[in-house]
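As a plain string of letters, each chain reads:
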Amino acid sequence: MRMSRIWIIHLTTLLSLAVWAAADPAFSPMVRSRSLSVASVDVGWIRLVGFSLVTVIAVSSLMSLFVKLLRPSPDNLPDRSLRQLLSITAVIAVWCSLALHHDSIAWQGKRVRFACRVSELEAIAAPLREEWPQRDGELSKIGPFMAYPFGRPTTLVLLQAPRVAGHLVYVSAVECNCDGAIKLQLTGTDGGDWAEWHPPHSQPSSFVGGLAEPHELTTATAIGRGWYLVRYRA
């Protein structure tokens, strides 16, 4: 096979994994999983087989590039071989960067997805901004809920988690800050973080919830219209 075709195959696998990391919420959990049995339950065998296949193609194509580079031939002129060696070195550096920073790539992909869901988040938060509940009750957009702590509630535990994005994201609880911020705790396949609306001059920060659980801010990124996608260390 010609070297140009091997380069195309290899760069395609590299680009495919980068796009996969950004687009699939299950990519990072799959990569971080310590055993095949756990990963198969969490993300399914189809993803594992696909990831293994792409990895094998990437490794074998990279080895083929090395073999082509080292094999004596009339095409392997000194200057061309040096350029090819530098190219391979650069690609290896990109692979190392992808391996080390796949979580950051996944986070940016999630940011883009939630930027497209701001209207759905607004539908849930808007009634709560107008009038925060003072006792257990039910609202059309979020269903029945329990309010904690009693007397001056700052947390709503939702008994029927409303969907934000099909079957991928649900809202399990809502927090209200003294500065007027509304914080939605997300669960589901694309959950695990918080979507927060903040008034002007307010930004996400560490807090202690209404159920006395501390949340330490690790990262936050704006997604538009006063909303942020936020990750805490519980």
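As shown above, the structure is provided for reference.
Before going into details, it helps to say that this report is about the structure given with it. Predicted model only: the values in this text are computed from it and were never measured. (Residues numbered from 1 in each chain as written. Predicted model: local features only at pLDDT ≥ 70, side-chain atom pairs only at ≥ 80, totals over all residues. Heavy atoms only, no water.)

1. What to know about the pairing of strand 4 (residues 170-176)
Argument step 1. Taking burial as the measure, the seven residues of strand 4 include five buried ones, the bulk of the element.
Argument step 2. Note that strand 4 and strand 5 (residues 182-187) share six bridges and pair antiparallel. Its bridge partner lying in strand 5, Cys176 is registered against Ile182.
Argument step 3. Remark: five residues form the turn of the hairpin made by strand 4 and strand 5, two consecutive strands paired antiparallel; Gly180 in that turn has positive phi of roughly 95°. (Buried < 20%, exposed > 50% of the residue type's maximum accessible area, 1.4 Å probe, protein only. Helix = DSSP H or I, 4+ residues; strand = E, 2+ residues; numbered from the N terminus. Pairing = 2+ DSSP bridges.)

2. Comments concerning the sheet that holds strand 8 (residues 214-224)
Argument step 1. Strand order in the open sheet formed by nine strands is 1-2-3-4-5-6-9-8-7, with antiparallel pairing between adjacent strands. The sheet is open, and its two edges are formed by strand 1 (137-139) and strand 7 (207-208), each paired on a single side.

3. Description of the pattern of salt bridges
Argument step 1. Considering all chains together, one arrives at eight salt bridges under this definition.
Argument step 2. Residue Arg32 pairs with Asp103 through a salt bridge whose shortest N-O separation is 2.8 Å. Here the residue Arg32 occupies a position in helix 2 (residues 27-32), and Asp103 occupies one in helix 5 (residues 78-115), the gap between them amounting to 71 residues.
Argument step 3. Given a relative accessible area of 33%, Asp103 falls into the partly exposed group.
Argument step 4. Ionic pairing is found between Asp193 and Lys110, a salt bridge with its closest N-O pair at 2.4 Å. A residue pair is termed long-range when its members are at least 10 positions apart, and Asp193 in the loop between strand 5 and strand 6 (194-197) and Lys110 in helix 5 qualify at 83 residues. (Salt bridge = Lys/Arg side-chain N within 4 Å of Asp/Glu carboxyl O.)

4. Observations concerning the packing of helix 3 (residues 36-43) against helix 4 (residues 45-70)
Argument step 1. Packing of helix 3 against helix 4 brings their axes to within 7 Å, and their N-to-C directions diverge by 120°. The orientation of helix 3 relative to helix 4 falls into the category oblique. Residue-level inspection shows Leu36, Ala39, Ser40 and Val43 of helix 3 in contact with helix 4, the latter providing Trp45, Arg47 and Leu48.
Argument step 2. Across the contact of helix 3 with helix 4, the residue classes tally to five nonpolar, one polar and one charged. (Axes fitted to C-alpha atoms, helices over the stretch in contact; angles between N-to-C directions. Parallel < 35°, antiparallel > 145°, perpendicular 65-115°, else oblique. Contact = heavy atoms within 4.5 Å. Nonpolar A, V, L, I, M, F, W, Y, C, P; charged D, E, K, R; others polar.)

5. A look at unusual backbone geometry
Peptide bonds are trans in most cases, and residues, glycine excluded, mostly fall at negative phi.
Argument step 1. With an omega dihedral of -15°, the bond running from Tyr148 to Pro149 counts as a cis peptide bond.
Argument step 2. With respect to the helices and strands, the residue Pro149 is situated in the loop between strand 2 (143-148) and strand 3 (155-158).
Argument step 3. The phi dihedral of Ala212 falls on the positive side, at around 70°, and the residue is not glycine.
Argument step 4. One can find Ala212 in the loop between strand 7 and strand 8.
Argument step 5. Judged by relative accessible area, Ala212 falls into the exposed class, the value being 59%.
Argument step 6. With phi around 60°, Arg225 is a residue other than glycine that occupies positive phi space.

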